[in-house]
Amino acid sequence: MSKDLVSPDAMEAFLKAHPDWVAQGDAHGLTLRRRYVFSAYPRGLGFVVAAAEHAEKVDHHPDLTLGYRWVVAVLTTHVSLGVTQRDLDLAEALDRLYQEHI
Ligand SMILES: C[C@H](O)[C@H](O)[C@H]1CNC2=NC(N)=NC(=O)C2=N1
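Let me sum up the structure you'll find in this document. (Residues numbered from 1 in each chain as written. Predicted model: local features only at pLDDT ≥ 70, side-chain atom pairs only at ≥ 80, totals over all residues. Heavy atoms only, no water.)

Here's the deal with the sheet that holds strand β3 (residues 63-67)
Piece 1. The strand order across the open sheet formed by four strands is β1-β2-β4-β3, and the pairing between neighbours is antiparallel. Both outer strands of the open sheet, β1 (22-26) and β3, are each paired with one neighbouring strand and no more. Taken pair by pair, the neighbouring strands of this sheet meet at an average axis angle of 25°, ignoring direction.
Piece 2. Across the sheet, helix α1 (residues 8-17) is in contact with β1 and β2 (29-37); its angle to β2 comes to roughly 5°.
Piece 3. Docked against the sheet, helix α3 (residues 85-99) engages β2 and β4 (70-75), running at close to 5° with respect to β2. (Pairing = 2+ DSSP bridges. Helix = DSSP H or I, 4+ residues; strand = E, 2+ residues; numbered from the N terminus. Axes fitted to C-alpha atoms, helices over the stretch in contact; angles between N-to-C directions. Contact = heavy atoms within 4.5 Å.)

See the structure below:
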């Protein structure tokens, strides 16, 4: 197990404070997931572009799926095979960007 992974207590605290996010686990490790809903399809695309620009700045990238008036974000730290503080920080950054693109 990577030393960088957030502890179960830290994960629980994050999810309690960020109820729109859910934790999911699979053979490749734990991930964080949120579905964002938008007023129009282009707004979702604008959010994806802004998220990509932020990800490049912090060198930590979400998996983003764009649908009709929604975007699903899945976060994990590839090198750690699970959720680290970088994912928690990215989740909060995406939530801030969402408020600018609803
Ligand atoms: C070389 C570069 O810094 C690494 O590949 C970065 C890029 N973005 C990343 N994003 C995520 N989600 N996890 C990583 O481990 C990661 N590593």
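Things to note about the pattern of salt bridges
Piece 1. Applying the stated criterion to the full structure yields two salt bridges.
Piece 2. Of the charged contacts in the structure, one is a salt bridge between D20 and R34, with a shortest N-O distance of 3.5 Å. With D20 in the loop between α1 and β1 and R34 in strand β2, this residue pair connects regions lying 14 residues apart in the sequence.
Piece 3. In this structure, R34 engages D95 in a salt bridge whose closest nitrogen and oxygen atoms are separated by 2.7 Å. (Salt bridge = Lys/Arg side-chain N within 4 Å of Asp/Glu carboxyl O.)

A short note on the site of the ligand
Piece 1. Every residue close to the ligand is listed here: D59, H60, H61, T76, T77, H78 and V79.
Piece 2. Interatomic distance of 3.2 Å between a backbone N/O atom of V79 and an oxygen atom of the ligand.
Piece 3. For the ligand, the protein covers 64% of the area, taking 400 Å² as the surface of the free molecule.
Piece 4. Looking at side-chain class alone, the shell around the ligand contains one nonpolar, five polar and one charged residues. (Near = heavy atom within 4 Å. Polar contact = N/O pair within 3.5 Å; in protein donor to acceptor, adjacent residues only side chain to side chain. Areas by Shrake-Rupley, 256 points an atom, 1.4 Å probe, with all protein chains shown as cover. Nonpolar A, V, L, I, M, F, W, Y, C, P; charged D, E, K, R; others polar.)

Thoughts on the packing of aromatic side chains
Piece 1. Summed over all chains, the structure comprises six aromatic pairs.
Piece 2. A ring pair is formed by F38 and F47, whose centres lie 5.4 Å apart and whose planes are at 40°; its orientation type is tilted.
Piece 3. On the basis of relative accessibility, which here comes to 0%, the residue F47 falls in the buried class.
Piece 4. The rings of W21, Y36, F38, F47 and Y98 are connected pair by pair, giving a single aromatic cluster. (Phe/Tyr/Trp six-rings, centres within 6.5 Å; stacked < 30°, edge-to-face > 60°. Buried < 20%, exposed > 50% of the residue type's maximum accessible area, 1.4 Å probe, protein only.)

Comments concerning the environment of H101
Piece 1. The topology assignment puts H101 in the segment after α3.
Piece 2. Between the alpha carbons of H101 and G29 there is a distance of 30 Å; along the sequence they are 72 residues apart.
Piece 3. When neighbours within four sequence positions are excluded, H101 is seen to be in contact with F38, R43, G46, F47 and A50.
Piece 4. Only 2.9 Å separates the side chain of H101 from the backbone oxygen of L97, close enough to count as a polar contact.

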